[in-house]
Structure formats: C-alpha cells, structure tokens
Amino acid sequence: MKKLASILVLVFAITFTTQAQKRRGGNGERDFKLTTEQHATLAVKKMTLALDLSEKQQNQIKPILMAQMAERKTIMAERKANRTDKKRPTADEMYAMQNKRLDNKIAMKNRMKDILSKEQFVQFDKMQKNRSKMGMHKMKEKKGSKNNKEDQRGGRSKK
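Just so it is clear, the model here is predicted, and its values are computed rather than measured.

**Things to note about a nonpolar patch on the surface**
Side chains of Met1, Leu4, Leu8, Phe12 and Phe16 sit close together on the surface and give an oily, nonpolar patch of about 630 Å² of accessible area. Mapped onto the elements of the fold, Phe16 is located in helix H1 (residues 2-24).

And the structure:
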C-alpha cells in the first residue's frame, strides 16, 4: 500500500511539473509581440545609454535598425514556415543564407563606422563581440544539454 501511495505521489508530481512547463511557454513564444518600430526604439535607447549617442546619431541609427529588424522578422517567418513543412535547406541554400548574413553584418559595421565617433565605434565593436560570444555560449549550452543529462546519469562524456 505504501508503494502504491508513493507511486501515485510521484506520478502527480511529474504531471504537475510538465503542466507548469507547458503553461510557461517553454518553446520561446511570448504573450506579447512588439512591432519593428518598438524593437528599433528600444535598441536605439539601449545603444544611447551604452554609447552616449547624440540626437542626430539616434535619428541616423533608428531607420537602419528598423530595416534590419523587419528583414529579420521576414526571415524568421520563412524559417517557421519551412519548419512546419519539415523542409530543410540544402547546402547551397545554407551557404547563400550565411553569405547574405555576413554581407549584412559588414554593411552594418560600415554604416555604424560612418555614424559613430572612433571611441563610440570601439565600444560598439566590443558590444557586438560580447553579443556574439553570448550567442555562442547559449548554443553550446543547447547542444551540450543532451551530454549534460548523460553525465548526470553516470554516462561517459564525449570529450
């Protein structure tokens, strides 16, 4: 009887935790959606705080960020549609996407170099490098999560 009761408690505990994770929206979807203009405004304000931008610089950067974010939204919508169709990009498509992304990064860097002063650009460059490092760190955590679970269970790591 004690075993049955402990099993039931365990089942209820697991059920409640999975329900809580579903309610929380574990797949990254948010309840609120910001427009591209709102995203750009927030990004410009963050940059203003970090780089001490002038009003003129803010007005020059905002349209660039709005265009960048609008393009990002369309790409994400396209990816989401491909994911629902379970369509994977070919090697040539991946090359073209990465090439386009890097071209956009270079163009953005050149535009920012024209707008910002030398000190501001150095700080901006540092911020971008830190951002990319954080992204890489998050990707490693995501990829490593399966290995971490194995380690917790006593499995061997693939080092």
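**With respect to the packing of helix H3 (residues 55-84) against helix H4 (residues 91-115)**
The description of two helices packed together rests on the angle between their axes and the distance between the axes. Axis separation between H3 and H4 bottoms out at 11 Å; the angle between their running directions is 170°. What the angle tells us is that H3 and H4 run roughly antiparallel. Across the interface between the two elements, Gln57, Gln60, Ile61, Ile64, Leu65, Gln68 and Glu71 of H3 pack against Lys100, Asn104, Met108, Arg111, Met112 and Ile115 of H4. By residue class, the composition of the contact of H3 with H4 is six nonpolar, four polar and three charged.

**Examining helix H2 (residues 36-51)**
The terminal C-alpha atoms of H2 lie 22 Å apart, and with 16 residues this matches the ideal 22 Å at 1.5 Å per residue to within 8%. Turning to H2, its buried residues are Ala40, Ala43, Val44, Met47, Thr48 and Leu51. For H2, the arc enclosing every buried residue in end-on projection is 140°, short of the 170-degree limit, so these residues lie on one face. Facing away from the buried side of H2 by over 90 degrees, the exposed positions are Lys45, Lys46 and Leu49.

**Looking at a positive patch on the surface**
Together, Lys33, Lys73, Arg79, Lys80, Arg83, Arg101 and Lys105 give the surface a local cluster of positive charge. If you list the elements that add at least two residues to the positive patch, you get H3 and H4. The greatest single-element share of the positive patch, amounting to four residues, is contributed by H3. With respect to the secondary-structure elements, Lys33 resides in the loop between H1 and H2.

**Digging into the nonpolar core**
By size, the foremost hydrophobic cluster in this structure holds 16 residues, and its most contacted members are Met47, Ile61, Leu65, Met112, Leu116 and Phe124. For this core, the secondary-structure elements that each account for two or more residues are H2, H3, H4 and helix H5 (118-153). In terms of residue count, H2 provides more of this core than any other element does, five residues in total.

**Here's the deal with the environment of Ala43**
Residue placement: Ala43 occurs in helix H2. The buried category is assigned to Ala43, whose relative accessible area is 19%. With 23 residues separating them along the chain, Ala43 and Met66 place their C-alpha atoms 9.6 Å apart. When near neighbours in sequence (up to four residues on either side) are disregarded, Ala43 contacts Leu65 and Met69.

**Description of the side chain of Gln120**
Here Gln120 is to be found in helix H5. We classify Gln120 as buried; its relative accessible area is 11%. Other than its neighbours up to four places away in sequence, Gln120 contacts Leu51, Asp52, Leu53 and Gln57.

So, how was this worked out
- Residues numbered from 1 in each chain as written.
- Predicted model: local features only at pLDDT ≥ 70, side-chain atom pairs only at ≥ 80, totals over all residues.
- Heavy atoms only, no water.
- Patch = residues over 30% accessible without salt bridge, like charges linked within 9 Å, V, L, I, M, F, W, Y side chains within 5 Å.
- Areas by Shrake-Rupley, 256 points an atom, 1.4 Å probe, with all protein chains shown as cover.
- Salt bridge = Lys/Arg side-chain N within 4 Å of Asp/Glu carboxyl O.
- Helix = DSSP H or I, 4+ residues; strand = E, 2+ residues; numbered from the N terminus.
- Axes fitted to C-alpha atoms, helices over the stretch in contact; angles between N-to-C directions.
- Parallel < 35°, antiparallel > 145°, perpendicular 65-115°, else oblique.
- Contact = heavy atoms within 4.5 Å.
- Nonpolar A, V, L, I, M, F, W, Y, C, P; charged D, E, K, R; others polar.
- Expected span 1.5 Å × (residues − 1).
- Buried < 20%, exposed > 50% of the residue type's maximum accessible area, 1.4 Å probe, protein only.
- Arc of directions from axis to C-beta.
- Lys, Arg positive; Asp, Glu negative; His and termini not counted.
- Charge placed at Lys NZ, Arg CZ, Asp CG, Glu CD.
- Core = buried A, V, L, I, M, F, W, Y, C linked by side-chain atoms within 4.5 Å.

Honestly, that's just the spatial picture; any functional story needs more than this.
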